[in-house]
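One-letter residues, chain by chain:
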Amino acid sequence: MSLFGVPDLTPTAESGVWQHVDTQVLASPAAAVTFSGLTAADFWRLAAFVHNDGNTGNWRVVLNNDTTSGNYAEQRVQYTSTTINGSRWTTVSHLVRTDGYGANDEGSLVTVIAKASAASAAMGIMASGQDSGAAINANANTGRWSNVTDEISRIDLTRSGAGSFQADTSVRLDRLEAA
Amino acid sequence: MSLYPTLTAPQVDGLFELIDRTVLSSAAASISFTGISAAFRIFEIAVEIAKDASAGSVRVRLNGDSGANYDYQQVTGSDTSVAASRTTGASGFIVTGGGVAANDFAAINAIVAKPLAAQPAIGLFSVAETQGGIRIAETAGRWNNTAGLISEITLLATLGDFAAGTAFVLTGDQHA
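Computed from a prediction, not measured in an experiment: that's the story for all the values here. (Residues numbered from 1 in each chain as written. Chains lettered and ligands numbered in written order. Predicted model: local features only at pLDDT ≥ 70, side-chain atom pairs only at ≥ 80, totals over all residues. Heavy atoms only, no water.)

Next up on the list: the sheet that holds strand β3 (residues 40-50) of chain B. All names here are of chain B. Spatial strand order, β1-β12-β3-β8-β9-β10-β5-β6: eight strands in an open sheet with antiparallel pairing. Of all strands in the sheet, those bounded by a partner on one side alone are β1 (17-23) and β6 (81-90). Here the strands of the sheet are splayed against their neighbours by 10 degrees on average, with no regard to which way each runs. As paired strands, strand β8 (residues 105-113) and strand β9 (residues 121-129) are joined by seven bridges and run antiparallel to one another. Bridge pairing links Val112 to Gly123 in β9. (Pairing = 2+ DSSP bridges. Helix = DSSP H or I, 4+ residues; strand = E, 2+ residues; numbered from the N terminus. Axes fitted to C-alpha atoms, helices over the stretch in contact; angles between N-to-C directions.)

Shown next, in the form of structure tokens:
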């Protein structure tokens, strides 16, 4: 609330709608896009256009820089041509991950993460699409981060392998409060 | 336009507006938002379910309608099993597949649209759930009501309660 009781027209963190936190557009290749110093929120939404460099690499969402194997569990469903495959992973080091992303592939993803309190596990839902030239593929994922002591203060989009995201990769982060 | 903006939430172009939100301070078998303005025609729902000691599923009903007026197509993923199912004549959308494990959590992100009273409502629900291990459920649902707009959205636990800490935000877009 601003001076004299006049509401700010700029949405605040308490307004109950999705609030833009930050958008990062890579000016040069990088192995990760990091949002740090985050103030706690009940829900987060990551929307990204991602472009691999010349190295194969899958895209991963990591919370609070926690890459401890076993702190996350993930369910994946991958759609490729006429095939649909499911898999469950219980010793992974990320919340959700794309599958089968090759060199120079482009794609987009939207991930919604719910963590209503420090005492709640974080639950993530991701939809992603991948253009690998001749093929267009899709993934639907869910993930669970077993941390029940911390709020989310950092979200990273990382990739597997030795390569980087190309310079046109762009990632937007929003937050939402339920109270 | 008055000298100062009104104290009600201003409509912000490009954003869904807050309709209601809540964090349960005590366990409840359902969460219901009533009296939704007819101006809202597209809704987004963000939920984190905290389940009590009973594992269970989540049912979504519109306008309190418990008649056999809901049809839905669902795809679920549980480990290597991916399954499709269609349900017709249901009394609500069961948007979870395996359900939520006891004392565990689930996330729901959904879009529900009913632009006109004369059109059925169509909903898309994405769910991360935990019964028997981490799972996914994607549901497209149709509410076969062609006589009114959405005035109420309710989430119900099929067994037990939603525990304290369950968080729910309902936002909407005004067509009118």
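Moving on, we come to the confidence of the model for chain B. The pLDDT averaged across chain B works out to 92; a share of 91% of its residues lies at or above 70. Here residues 1-10 of chain B is a poorly scored stretch, pLDDT under 50, and it has eight contacts once near neighbours within four places are set aside; other chains count. (pLDDT = per-residue confidence, 0-100. Contact = heavy atoms within 4.5 Å.)

Below, the discussion takes up the sheet that holds strand β7 (residues 96-97) of chain A. Residue and element names in this part refer to chain A. An order of β2-β11-β4-β7 is seen for the four strands of this open sheet, with the pairing classed as antiparallel. Across the chains shown, the open sheet's two edge strands, defined by having one partner strand only, are β2 (32-35) and β7. Judged from the four bridges that link them, β2 and strand β11 (residues 155-159) form a sheet pairing that is antiparallel. From the neighbouring strand, Val33 faces β11, where its bridge partner is Leu157.

Leu62, Phe93, Ile108, Ile153 and Leu155 of chain B are the most contacted members of the largest nonpolar core, which totals 36 residues. A per-element tally of this core places β3 of chain B first, with five residues. In this view, Ile153 of chain B contacts Ile31, Ser32, Phe33, Ile36, Phe43, Ile45, Arg61, Leu62 and Leu170 of chain B; residues no more than four positions away in its chain are not counted. Core analysis: the next-biggest nonpolar cluster, separate from the first, contains 29 residues, Phe35, Leu63, Tyr101 and Val171 of chain A among them. (Core = buried A, V, L, I, M, F, W, Y, C linked by side-chain atoms within 4.5 Å. Buried < 20%, exposed > 50% of the residue type's maximum accessible area, 1.4 Å probe, protein only.)

Now for the interface of chain B and chain A. By a widely used convention, the size of an interface equals the accessible area lost when the partners come together. Facing 45 residues of chain B, the contacting portion of chain A comprises 41 residues. Interface area for chain B against chain A, summed over the two sides, is near 3100 Å², with a carbon-plus-sulfur share of 69%. Contact with chain A buries area across many residues of chain B, yet Arg21, Glu48 and Ile134 of chain B alone supply 21% of it, more than any other trio. At the boundary of chain B and chain A, one finds two salt bridges. Counting every contact that joins chain B to chain A gives twelve residue pairs in polar contact (both at pLDDT 80 or more). Only β1, β3, β5 (70-78), β8, β9, β10 (135-143) and β12 (167-174) of chain B provide two or more residues apiece to the side of chain B that touches chain A. Residues of the side of chain B that touches chain A, tallied by class, amount to 24 nonpolar, twelve polar and nine charged. (Buried area = accessible area lost by both parts, 1.4 Å probe. Salt bridge = Lys/Arg side-chain N within 4 Å of Asp/Glu carboxyl O. Polar contact = N/O pair within 3.5 Å; in protein donor to acceptor, adjacent residues only side chain to side chain. Nonpolar A, V, L, I, M, F, W, Y, C, P; charged D, E, K, R; others polar.)

Residues other than glycine predominantly adopt negative phi, and peptide bonds predominantly adopt the trans conformation. In this model, Asn104 of chain A sits at a positive phi of 65 degrees, which is unusual for a non-glycine residue. One non-glycine residue, Asn63 of chain B, lies in the positive phi region at around 55 degrees. Assignment of secondary structure puts Asn63 of chain B in the loop between β4 (58-62) and β5.

Residues and elements named next belong to chain A. Taken as a whole, chain A shows an average pLDDT of 91; of its residues, 92% reach a score of 70 or greater. Taken element by element, the predicted model of chain A shows its lowest mean pLDDT in strand β9 (residues 122-131) (95) and its highest in β2 (98). Low confidence marks residues 1-13, where pLDDT is under 50. Its contacts with residues over four positions away, or in another chain, come to 20 contacts.

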